[in-house]
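Okay, here's what each chain looks like letter by letter:
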Amino acid sequence: MYKYFLLIFISMTSLGIDTVKACTIFSCSRGGKTFTAANEDDMTPFTRIWYSPATKDRYGSVSFGAADMQAAAAMNEYGLFYDFAAANYDLSKLNLNNPYKGDLMWEILGKCKTVKEAMVFLKKYAYAISAKALLADKEGNSIVITPGGIIEKTGDFQVNSNCNMIDGKLSCRRPDIANEMLAASKENNVGFLKTILDKTHQEGELNTLYSTICDLKRGIIYIYLFHDYNTVYKIDLKSELRKGHHIENLADHFPASFAYENFYKNHDLYL
């Protein structure tokens, strides 16, 4: 059994960079509303959504990820949300005591309702994943978790992105644009957050495969496929969890798109 959990742990640490390439993620809590929003940027299409109803040991949740079914982002029935952005931490150079032998973020999602409760796990176990995770709850709290430590939110929003530092400067403008737009406005609604996602999306070899806006208080998720922000698929998490465990292809919820079809049909995994 120990070898089994150790294998999961090693897989999480080695796959952290490969599964999530270059995302822009942020939380915003103002005006009595709490949202998270994210552009999921990668080179591999075929995004899956899977629902895991509550059991005696876990809270119910929804997860998003590639065809390998490794969760890149997830939210539970109590409005606790996480999303990864890849990073280049060298775990071998960090003093990571007592790493969790399994998927730490999945454990947190199943056992915690708030960021405060999650901090109990994060103080006990080392976060040994070479990626940055934004964790947010419906009370408006959020943190960015890295192997090097935890960054707490200051103010009413927090941005998590994975632009590398080159000569002391960020290598891209995505986090700057998100920070500037959030700081310059007091808005906090789906339309405004969608505009930020549009301004920070990517096209080319690396694409924004899908985008999400999560209303953490209401348990509602708004999804946009392949950086098309005019067409939305809306999820009511509680309603979906009542249907039992099920797995879906995200693209099945959207009308045909030539741009997306051309992208996935030319991918190595298509056949």
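Rules of the game
Residues numbered from 1 in each chain as written. Predicted model: local features only at pLDDT ≥ 70, side-chain atom pairs only at ≥ 80, totals over all residues. Heavy atoms only, no water. Helix = DSSP H or I, 4+ residues; strand = E, 2+ residues; numbered from the N terminus. Contact = heavy atoms within 4.5 Å. Pairing = 2+ DSSP bridges. Axes fitted to C-alpha atoms, helices over the stretch in contact; angles between N-to-C directions. Core = buried A, V, L, I, M, F, W, Y, C linked by side-chain atoms within 4.5 Å. Buried < 20%, exposed > 50% of the residue type's maximum accessible area, 1.4 Å probe, protein only. pLDDT = per-residue confidence, 0-100.

Chemist: Can you help me understand the side chain of Thr47 in this one?
Modeler: By the element assignment, Thr47 lies in the loop between strand E2 (33-42) and strand E3 (48-52). Setting aside its immediate chain neighbours within four residues, Thr47 contacts Gly65, Tyr210, Glu248, Asn249 and Leu250.

Chemist: Help me understand the sheet that holds strand E13 (residues 207-215), please; the structure alone is not making it clear to me.
Modeler: Paired through backbone hydrogen bonds, the strands of a sheet run either parallel or antiparallel to each other. The six strands are arranged E10-E1-E2-E13-E14-E15 in an open sheet whose pairing can be described as antiparallel. Looking at strand neighbours, the two that pair on one side only are strand E10 (157-161) and strand E15 (233-236), the edges of this open sheet. Neighbour-to-neighbour, the strand axes of the sheet open up by a mean angle of 15°, direction not taken into account. With five bridges joining them, strand E1 (residues 24-30) and E10 adopt antiparallel strand pairing. Paired with Thr24 across the strands is Ser161, a residue of E10.

Chemist: Whenever I open this one, the nonpolar core confuses me. Can you help?
Modeler: Most often, soluble globular proteins keep nonpolar side chains buried together rather than apart. Counting 31 residues, the largest nonpolar core has Ile49 and Ile223 as the members making the most contacts within it. Beyond its immediate sequence surroundings of up to four residues, Ile49 is in contact with Val62, Ser63, Phe64, Ile223, Tyr233, Ile235, His246, Ile247, Glu248 and Leu250.

Chemist: So what exactly am I meant to see when it comes to the confidence of the model for the protein chain here?
Modeler: It should be kept in mind that the predicted coordinates are not to be read in detail where pLDDT is low. When the pLDDT values of the protein chain are averaged, the result is 89; 89% of them are 70 or greater. In this model, residues 1-20 is a region of pLDDT below 50 whose contacts with residues beyond four sequence positions or in other chains number 37 contacts.

Chemist: Would you mind showing me how to read unusual backbone geometry here?
Modeler: Phi is mostly negative for residues that are not glycine, and the peptide bonds are mostly trans. Despite not being glycine, Phe46 shows a phi value in the positive range, around 65°. For Phe226, which is not glycine, the phi torsion reads 55° and is therefore positive. Within the secondary structure, Phe226 sits in the loop between strand E14 (220-225) and E15. With relative accessibility at 8%, the residue Phe226 sits in the buried group.

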